[in-house]
Amino acid sequence: MAPSITRIESREFEYPLEDVGTDEHGFNLVYEPGETTYRKLFGVKIHTDEGITGEYVGGNSPAAAQYNIIAKYLIGKNPLEREKHWSEIKRALRKYDRMGMGPIDIALWDFAGKYYDAPIHELLGTYRTEIPAYASTYHGDDAGGLDSPAAFADFAEECRDQGFGGFKIHGWGGGDGSRDLDREVEAVHAVGERVGDEMDLMHDPACELETFADALELGKACDEQEFFWYEDPFRDGGISQHAHRKLSQKLDTPILQTEHVRGLELKSDFAANDATDFLRADPEYDAGITGAMKVARVAEAFGLDIEFHAPGPAQRHCIAACRNSNYYEMALVHPHCQNTQPPVYEGDYSDMMEAVEGGTVSVPEGPGLGVDYDWGYIEANTTGDVHTYE
């Protein structure tokens, strides 16, 4: 008898980030001594008649809002038929961004690994089990942390000394004319001159730059310091093929796009139209491990590299099954405040800076995702309704 899904649970919870606030608009996380920011995540469980439960912790409110559509379809279905479910749910969510597919698909992969008693990367096809890591910073602040070009350079040295092979700048936010492009350019030069001969360097303005001209000026600074890539620079939101093709034509630094492009086909179009030099994927954003690995294979077909967004066990398994991926993003890191990892892991899994040893992180080897979640913590910090579908 094939296994069958009997019940799906979704639980919203929160956890604190000490000495972390937001910038003037309330969107970017930044260092703010004495402030505590609470982040919300969701814990998902897919129960089956096998007594095996697929689990995943992550996602966001827009994703969770789509679970009711997905869950109703999945109840009574075989959890191993992921490709079929992926196709049906993709069509059902065609009016939406499909963010709800990611956590559910990851939980289905977790079930499959537990069912077959194998880590997910083995089910995908293992290429490696140690992954080089780069340090991906919080946004710049004005509170005594990453508050100057020199501070970014100092922190880059610290990350180099900890063994990181790469360092990515997230610059300063701001708006209404308050953004200082000169400071952004100076940070590129400060970091490049300090550690550019010893680390791969990246820059991600997170779509903060307001004009093509600003993106070009900062990109030329990246050229001068021979940066490894330049990512999501300006206010198109990271989705214009034409704009990024034009930018790429004027720069030597490779462009990394498609973090904010939803859908396999649209990402493929970016590659086909020379609008990016690397493709970006994220198992949460890109319809799960199933969707993210489709993007990875498209990148391989185009002769491009695939770079996975954000840290997490699902990302590690995906990268472990990819030849054409360079780095694991250890994010967000800062000299004076903690990484954004939620305190939900039992055992030795960690996405704190200290998890990088010899410049790499290891891929979990237990069944499924290979991590044990602290459901006691999640339940004790529940903030919203617990939704059960059966």
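Fair warning: this is a prediction, and the values are worked out from it, not measured in the lab. (Residues numbered from 1 in each chain as written. Predicted model: local features only at pLDDT ≥ 70, side-chain atom pairs only at ≥ 80, totals over all residues. Heavy atoms only, no water.)

Asker: Help me understand empty space enclosed by the protein in this model?
Answerer: The rolling of a water-molecule-sized probe over the atoms marks out the regions of remaining empty space. Summed over all chains, the structure comprises 2 cavities of 30 Å³ or more. Its boundaries defined by the atoms lining it, the largest cavity holds a volume of some 60 Å³. Around the largest cavity, the lining residues are Ile70, Arg82, His85, Trp86, Ile89, Gly100, Met101, Ile104, Asp105 and Leu108. Mapped onto the lining of the largest cavity, the elements with two or more residues apiece are α3 (82-92) and α4 (101-116). Looking at the lining of the largest cavity residue by residue, the classes come out as 6 nonpolar, 2 polar and 2 charged. Lining of the second largest cavity is provided by Gly171, Trp172, Glu184, His203, Pro205, Glu208, Leu209 and Leu218. The class makeup of the residues in the lining of the second largest cavity is 4 nonpolar, 2 polar and 2 charged. (1 Å grid on protein atoms, 1.4 Å probe; cavity = no way out; pocket = protein on both sides within 12 Å on 5 of 7 lines; lining within 4 Å. Points joined across faces, edges and corners; volume = space filled by probe spheres on them. Helix = DSSP H or I, 4+ residues; strand = E, 2+ residues; numbered from the N terminus. Nonpolar A, V, L, I, M, F, W, Y, C, P; charged D, E, K, R; others polar.)

Asker: Any chance you could explain helix α10 (residues 264-272) here in plain terms?
Answerer: Helical periodicity: at 3.6 residues per turn, an α-helix aligns residues three or four positions apart in one direction. Listed as buried for α10 are Lys267, Ser268, Phe270 and Ala271. Within α10, the buried residues cover an arc of 155 degrees as seen down the axis, which keeps them to one side. On its buried side, α10 packs onto α9 (241-250), β8 (255-257), β9 (278-281) and α11 (288-301). At the C-terminal side of α10, Asp274 shows a positive phi close to 55 degrees. (Buried < 20%, exposed > 50% of the residue type's maximum accessible area, 1.4 Å probe, protein only. Arc of directions from axis to C-beta. Contact = heavy atoms within 4.5 Å.)

Asker: Please clarify how the pattern of salt bridges should be interpreted in this entry.
Answerer: Per the counting criterion, the structure on display carries 23 salt bridges. Arg194 is paired through a salt bridge with Asp154; the nearest N and O atoms lie 2.8 Å apart. Placement of Arg194 in helix α7 (residues 181-195) and of Asp154 in helix α6 (residues 149-161) is noted, with a sequence separation of 40 residues between them. A relative accessible area of 30% places Arg194 in the partly exposed class. Residue class for Asp154 comes out partly exposed when judged on its relative accessible area of 42%. When the shortest N-O distance is used, the salt bridge between Glu231 and Lys168 registers 3.0 Å. One end of the pair, Glu231, is in strand β7 (residues 229-231); the other, Lys168, is in strand β5 (residues 166-170), and 63 residues separate them in sequence. When sorted by exposure, Glu231 lands in the same class as Lys168, which is buried. Among the charged side chains, a salt-bridge network with shared partners connects Lys168, Asp204, Glu231, Glu259, Arg280 and Glu329. (Salt bridge = Lys/Arg side-chain N within 4 Å of Asp/Glu carboxyl O.)

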